[in-house]
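What the coordinates show
Here is what each chain is made of, one letter per residue.
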Amino acid sequence: MRILFYDTKSYDEYSFTRELSGYPGVEIKFLKADLTRNTAELSHGYDAVCAFVNSDIGTQTVRILHDNGIRLILMRCAGFNNIDLEEAQRLGIRILRVPGYSPEAVAEHAMGLALIVNRKMHKSYLKVRENDFSLGSLMGFNFYQKTAGIVGTGKIGAAMARICYGFGMKVLAYDVYENPDLKDIVTYVTLDELLAQSDLISLHCPLMDSTYHIINRETIQKMKDGVILVNTSRGALVKTDDLIEGIRARKFFGVGLDVYEEEAPNVFEDRSDEILEHSVTARLLSFPNVMITSHQGFFTREALSAIAKTTLDNVKVYETGAESANEVKAN
Ligand code: NAD
C-alpha cells in the first residue's frame, strides 16, 4: 500500500515513521503541500492519500483522486466536514478517520484557555517580562463552586466535564443525547438554561447544520454577564461578528478560542511576516480578554502517537475489506 501523505509537518513525519515498522507493506511519501484540487493530481501511482482538517476534499478533488486510482482517503483527524462524502461514496472511495485519539488532550487545552483568560496569564506573562510586577487588571475569579456549561458531552465534552467537576464546579450539560457515563457528575438542562446559568461555557459539539453558529447574538444575550466562553471544537459554531459585538458590549469576562471561523489559511502556518488585512482574527486579538491558539488542542505526544497508530490500523482494515466503525459515509 503506497500512501501519499499531504500537508506534512515535522511532527507528522516523526510520529508516523516511528510506528511504520509495525506495518510491513505500508509505504508513505510525505508531501508538504496540502490536498486541494490543484495538488490532487500528484496522487497518481499511489493507492491512498492521507489528509487533515483543512484539506480541500470537495467534489473536484475527489474526482481527480478517483481518476488517479485512489480508493482510500485516510483522515488523520476526527473531523470530515471538508469532504464531499456523497461524491466519494458514489465513486467507491472509502474514507477512514481517527474518531478519537486523546479527548483529554483537547479537554485539558480547553481548561487551559479558560484558566488563562480567567487569571489573565497571557497578560501577566508579558508584564513580568518587562519587570512590571504590579497586579493591576489581573484579577480573576475562582472556578471552585461556580457553574460550568458543557455543550456536547461526547468524548471531549465528557473529559472536560470531569475536569470541571474536579475543580469543584457544578457541571451543567446540553446535548441531543445524554451520556450515561456522566450521570453522577453532570445535570442535563436545555441550552437556554445552560446559557443562563453558566460562568464557564465550553463548546464540544461537532459542526453540523444544527450547530452552525449555535453561538450568535441571540444565544450570547441569554448568557450571564461576565461569562467565559471557550471554543476548542470548530470555528463556525460561533458567529464571529456577533461574538465581537458581545465582547464590545462587555458580556464576556474572557474568551478562549482554539478554533475560529477564518482559521483555514492560518492553521499551522507561519504568517508572521504578512500583513493580514481585513482579518477578523486580528480584530479579536485586539481585545485584552481574548486568547487565541491555533488549533493545537489535539497536539500532545500521546495524541500524535494514537493518531498514527489508528491511521495505520485503518489501512490494515481497508486491506482486509472489513467494515470499520472509523468509516465515514454519506447519510
Ligand atoms: P463526539 O462525537 O464524541 O461528541 C460530540 C457530541 O456532540 C456528541 O455527544 C453529540 O451527541 C453532541 N451533539 C451533536 N449535535 C449536538 C447539538 N446540536 N447540540 C449539542 N450537542 C450535540 O466528538 P468529540 O471527539 O468529543 O469531539 C468534539 C469536537 O471537537 C469534534 O467535532 C471536533 O470538531 C472537535 N475537535 C477539536 C480538536 C482540536 O484540536 N481543537 C481536536 C479534536 C476534535
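To keep things clear, this report deals only with the structure shown in the data block. (Residues numbered from 1 in each chain as written. Predicted model: local features only at pLDDT ≥ 70, side-chain atom pairs only at ≥ 80, totals over all residues. Heavy atoms only, no water.)

Now for the site of the ligand. Taken together, 24 residues form the shell around the ligand, and within it Lys-155, Ile-156, Asp-175, Thr-232 and Asp-258 come nearest. A distance of 2.8 Å is found between an oxygen atom of the ligand and a side-chain nitrogen or oxygen belonging to Lys-155. Between the ligand and Asp-175 there is a distance of 2.6 Å, counted from an oxygen atom to a side-chain nitrogen or oxygen. When the ligand sits alone it has 870 Å² of accessible area, and the protein chains cover 86% of it. Across the shell around the ligand, the residue classes tally to 10 nonpolar, 10 polar and four charged. (Near = heavy atom within 4 Å. Polar contact = N/O pair within 3.5 Å; in protein donor to acceptor, adjacent residues only side chain to side chain. Areas by Shrake-Rupley, 256 points an atom, 1.4 Å probe, with all protein chains shown as cover. Nonpolar A, V, L, I, M, F, W, Y, C, P; charged D, E, K, R; others polar.)

Bringing the sheet that holds strand β11 (residues 252-257) into the picture now. On the basis of which strands lie adjacent, the open sheet formed by seven strands has the order β8-β7-β6-β9-β10-β11-β12 and parallel pairing. Of all the strands in the sheet, just β8 (186-188) and β12 (290-292) have a single pairing partner and so form its edges. Pairwise comparison of adjacent strand axes, ignoring direction, gives a mean angle of 20 degrees for this sheet. By the bridge criterion, five bridges tie strand β10 (residues 227-231) to β11 in an arrangement that is parallel. Looking at β11, one finds that Ile-228 is bridged to Gly-254. (Pairing = 2+ DSSP bridges. Helix = DSSP H or I, 4+ residues; strand = E, 2+ residues; numbered from the N terminus. Axes fitted to C-alpha atoms, helices over the stretch in contact; angles between N-to-C directions.)

This part is about the sheet that holds strand β1 (residues 2-5). The five strands are arranged β2-β1-β3-β4-β5 in an open sheet whose pairing can be described as parallel. In the strand order of this sheet, the two ends are held by β2 (27-30) and β5 (94-96), each with one partner. Each strand of the sheet is rotated relative to its neighbour by a mean of 25 degrees, with strand direction disregarded. In this sheet, β2 lies alongside β1 in parallel orientation, the contact comprising four bridges. Bridged to Phe-5 within β2 is Phe-30. Where helix α1 (residues 10-20) meets the sheet, its contacts fall on β1 and β2, and the angle it forms with β2 comes to roughly 170 degrees. (Contact = heavy atoms within 4.5 Å.)

Counted according to the given criterion, the structure contains 15 salt bridges. Here the salt bridges share partners, and the residues they tie into one network are Arg-63, Glu-87 and Arg-90. (Salt bridge = Lys/Arg side-chain N within 4 Å of Asp/Glu carboxyl O.)

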